[in-house]
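# What the coordinates show
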Amino acid sequence: REDYEVREHDVLVIGAGGAGLRAAIAAAQRGLSVGVVTKSLLGKAHTVMAEGGIAAALGNVDPDDSWEQHFVDTMKSGKFLNNWRKVEIYAKEAPAGVIELEQWGALFNRTPEGKISQRPFGGHTYRRLAHVGDRTGLEMIRTLQEKLLATEAEVYMETTVTKLFKDERGRISGALAYTRESGRFVFFKVKAVIMATGGWGRIYKVTSNSWEGTGDGVILAYDAGAELVDMEMVQFHPTGMVWPPGVRGILVTEGVRGEGGILRNANGERFMERYDPERKELSTRDVVARANYTEVQEGRGSPHGGVYLDITHLGREKILKKLPTMYEQFLKLADVDITREPMEVFPTVHYNMGGIKVEPESCASTTVPGLFAAGEVAGGLHGANRLGGNSLGDLLVFGRRAGDGAADYIEQSVHAAGVPDEEIQAEIQRVLEPLERPAREGDESPYLLQEELQEAMMEHANLMRDEDSLLKGLEKVLSIKRRLSNVKVGGTRMFNPGWHTAQDVRYLTQISEIIIRCALERREKRGAQWRLDCDELVEEYGKINFVVKKTEQGEVGIERREIPPLPEHLAALFKEEKAKV
Ligand code: FAD
């Protein structure tokens, strides 16, 4: 029997990125006892890495902008798979989210009249991204963190959650975690959980995501019985670094194209004129990523297998003011001065449109009572392709709603019963198994399994897919899944990266299986799901989301769920838009 610490809160927020912090602030402001856990340090996560900005129809630079146009742009980019109610709420509430952040102390770039400045981004009709140079995420996290620390919420750093518990009536009742420093276990006895663990870029070898992007939350929720949606939709950002090899995949912000960056192939041709003559470099990410990929595939790439992104014409002074991180990133990591020479770029795995299915009306609740989800781990907002800037806005809008939703739930419901010690002990034994069982023949290294998985996903579930390749990928993923029970790691519990990877690889493998199975089901080209063996925008598939739920036998259950038709007031927006053209 293992000893563990018990901590009691009303709400446990899992994740301290923008979504988690915003949710925790909302719940704390409602007078609840809030615990926030993060498997890294406060202030880390992906939100702090965000560069280009927050999309919100403030209309500061282009007064014609409106929530209606933001709604239309987001739905069109998502190829209408989006949960339209979620998009409507988002488009309406994002401006208030940005203004609130400013009131809490965020220092945005300004227009000459002193308003929050907004920059253009792909697929947005108007200049819409509120930004702080190319360090928007840093300012957002700094501001939210300060606000959170002024509340009574308690933060648990370097603490990794491994399981959610439910009572006999199916309500969330607790979560188990271990601390990375000592390997000691902590049981959180709680009435509600807000999942805010971010994305899962780490299932691929080339990604802009950090080590934290292993998708823990989506599988913790799936294992607890929650539904997932749109899991086949993985966003490949058009511009990641390609050279030197050690930095491959690091993001080159869309802000570069927003500020006028031009893409050229090895022949010097501005090739986006062929792929999207109207919007060129400011086309949506799915289109630009495929264009970059195709140019290289067809032999018009740069020496290191990328295309060129040129911003030199902006001039040194402006580049240093608007894109200081990009300037330093290329100078330090690639010895390239972007004020004098073009960057070499290629698509990199960046974001996941799919995730835990939530109800926008009831404030980000999932199908499991007491479980809420916000931020990148939640699905529905972006459909088949996310517009740049719509993630940071999502964190503010649905982070707040999830915090309020959890507070409402706690006020209105009978509280869950405690968790029996045997259940907690069983989970502790499962987590300790790769570390504490004796070595035996056939043991597997978690690092090698992870690498194998990342390579399989790169090869078989890339931004262009077909049935044959997906089936081969599935075979490889299932073989890795079978081998997970042989994972063995050495060392002690203290700061043991092998042991952490043994946990991560389980999530990564399960997510990969789900992505491939959904990609096999969606037999069409639509946004990020580009099936070379199928037609584009097949009518039948435009009307359904694939919803995933774990079956009683523990298998991946996939259901076709019909998308409800747009209500009259939203459908009318597309008619008006046609009239404008
Ligand atoms: P994250 O910020 O990823 O936070 C996740 C948190 O969950 C972390 O604290 C992590 O430690 C914790 N966690 C995970 N698993 C566990 C576990 N098992 N136990 C405990 N804690 C756990 N979007 C935009 O809209 N505009 C941009 O300009 C932009 N630029 C970007 C640039 C880069 C380089 C990257 C990588 C992304 C960018 N994005 C941008 C996307 C956006 O930043 C992310 O989608 C968003 O920040 C995700 O926020 P989140 O709060 O959902 O998760």
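Now for a description of the structure that goes with this document. (Residues numbered from 1 in each chain as written. Predicted model: local features only at pLDDT ≥ 70, side-chain atom pairs only at ≥ 80, totals over all residues. Heavy atoms only, no water.)

Turning our eyes to something else, we now look at the overall build of the protein chain. Assigned secondary structure in the protein chain consists of 16 helices and 22 strands. Here the protein chain has a C-alpha radius of gyration of 23 Å; the compact-globule value for 581 residues is 25 Å, and the two agree. Dimensions of the protein chain, computed from the C-alpha atoms along their principal axes, are close to 65 × 55 × 50 Å. The buried share of the protein chain, reckoned over its 581 residues, is 63%. The contacts in the protein chain between residues at least 6 apart in sequence include a share of 74% that link residues at least 24 apart. For the protein chain, the distance from the average site of its 75 positive side-chain charges to the average site of its 88 negative ones is 1 Å. (Helix = DSSP H or I, 4+ residues; strand = E, 2+ residues; numbered from the N terminus. Rg over C-alpha atoms; globule rule 2.2 N^0.38 Å. Buried < 20%, exposed > 50% of the residue type's maximum accessible area, 1.4 Å probe, protein only. Contact = heavy atoms within 4.5 Å. Lys, Arg positive; Asp, Glu negative; His and termini not counted. Charge placed at Lys NZ, Arg CZ, Asp CG, Glu CD.)

What follows is about the site of the ligand. Around the ligand sit 38 residues in total, of which T47, G52, E212, D216 and E376 are the nearest. One of the backbone N or O atoms of G18 is found 3.2 Å from an oxygen atom in the ligand. Separating a nitrogen atom of the ligand from a backbone N or O atom of E51 is a distance of 3.2 Å. Burial of the ligand by the surrounding chains reaches 98%, relative to a free accessible area of 1,000 Å². Looking at the shell around the ligand, the elements that each hand over two or more residues are α1 (18–29), β8 (159–166), β16 (343–352) and α11 (390–412). Sorting elements by how many residues they give to the shell around the ligand places α11 first, with four residues. Looking at the shell around the ligand residue by residue, the class counts come to 13 nonpolar, 19 polar and six charged. (Near = heavy atom within 4 Å. Polar contact = N/O pair within 3.5 Å; in protein donor to acceptor, adjacent residues only side chain to side chain. Areas by Shrake-Rupley, 256 points an atom, 1.4 Å probe, with all protein chains shown as cover. Nonpolar A, V, L, I, M, F, W, Y, C, P; charged D, E, K, R; others polar.)

In this section: the sheet that holds strand β21 (residues 544–550). Neighbouring strands of a sheet are bound in pairs by backbone hydrogen bonds; such pairs are parallel or else antiparallel. Pairing is antiparallel across the open sheet formed by four strands, whose spatial order is β17-β12-β21-β22. Each edge of the open sheet is held by one strand with a lone partner, namely β17 (355–356) and β22 (556–562). Note: β21 against β22, seven bridges, orientation antiparallel. Paired with N545 across the bridge in β22 is R561. This element, helix α15 (residues 497–521), spans β12 (228–229), β21 and β22 of the sheet and lies at about 45° to β22. (Pairing = 2+ DSSP bridges. Axes fitted to C-alpha atoms, helices over the stretch in contact; angles between N-to-C directions.)

Moving on, we come to empty space enclosed by the protein. Under the criterion given, the structure shown has one cavity of 30 Å³ or more. There is about 60 Å³ of room inside the largest cavity. Lining the largest cavity, in full, are V234, Q235, F236, R285, D286, A289, R290, N385, L463, G527 and A528. Elements with a minimum of two residues in the lining of the largest cavity: β13 (234–241) and α8 (285–297). If one sorts the elements of the lining of the largest cavity by residue count, α8 sits on top with four residues. Counted by class, the lining of the largest cavity contains five nonpolar, three polar and three charged residues. (1 Å grid on protein atoms, 1.4 Å probe; cavity = no way out; pocket = protein on both sides within 12 Å on 5 of 7 lines; lining within 4 Å. Points joined across faces, edges and corners; volume = space filled by probe spheres on them.)

This part takes up the packing of α1 against α11. Helices that pack against each other are described as a pair by the angle of their axes relative to one another and the distance between those axes. Between α1 and α11, the shortest axis-to-axis distance is 7 Å and the interhelical angle comes to 40°. Comparing the axis directions of α1 and α11 gives the class oblique. Taken as a pair, α1 and α11 cross one another with a handedness that is right-handed. Two secondary-structure elements touch here, α1 through G18, A19, R22, A23, A26 and A27 and α11 through L395, L396, G399, R400, A402, G403 and D404. Of the residues belonging to the contact of α1 with α11, the class tally is seven nonpolar, three polar and three charged. (Parallel < 35°, antiparallel > 145°, perpendicular 65-115°, else oblique. Left-handed = near helix turned anticlockwise from the far one by under 90°.)

Now for helix α4 (residues 136–149). In a regular helix each residue adds 1.5 Å, so 14 residues correspond to 20 Å; α4 covers 20 Å between its end C-alpha atoms and thus fits that length. Among all positions of α4, only T136, G137, E139, M140, I141, T143, L144, Q145 and L148 are buried. (Expected span 1.5 Å × (residues − 1).)

Under the counting rule described, the total for this entry stands at 60 salt bridges. The salt bridge partner of E146 is R142, with a shortest N-O separation of 3.3 Å. Here E146 and its partner R142 are both found in helix α4, four residues apart, which amounts to about one turn of the helix. Residue R142 is classed as partly exposed on the basis of its relative accessible area, which comes to 32%. The network of salt bridges with common partners includes R30, E93, R400, R401, D404, D408 and E411. (Salt bridge = Lys/Arg side-chain N within 4 Å of Asp/Glu carboxyl O.)

Before going further, it helps to spend a moment on the sheet that holds β13. The four strands are arranged β13-β16-β15-β14 in an open sheet whose pairing can be described as antiparallel. Of all strands in the sheet, those bounded by a partner on one side alone are β13 and β14 (262–264). Taking the axes of each pair of neighbouring strands and ignoring which way they run, one obtains an average angle of 45° across the sheet. Where β13 and β16 come together, six bridges link them in antiparallel fashion. Note on β16: the bridge partner recorded for Q235 is Y351.

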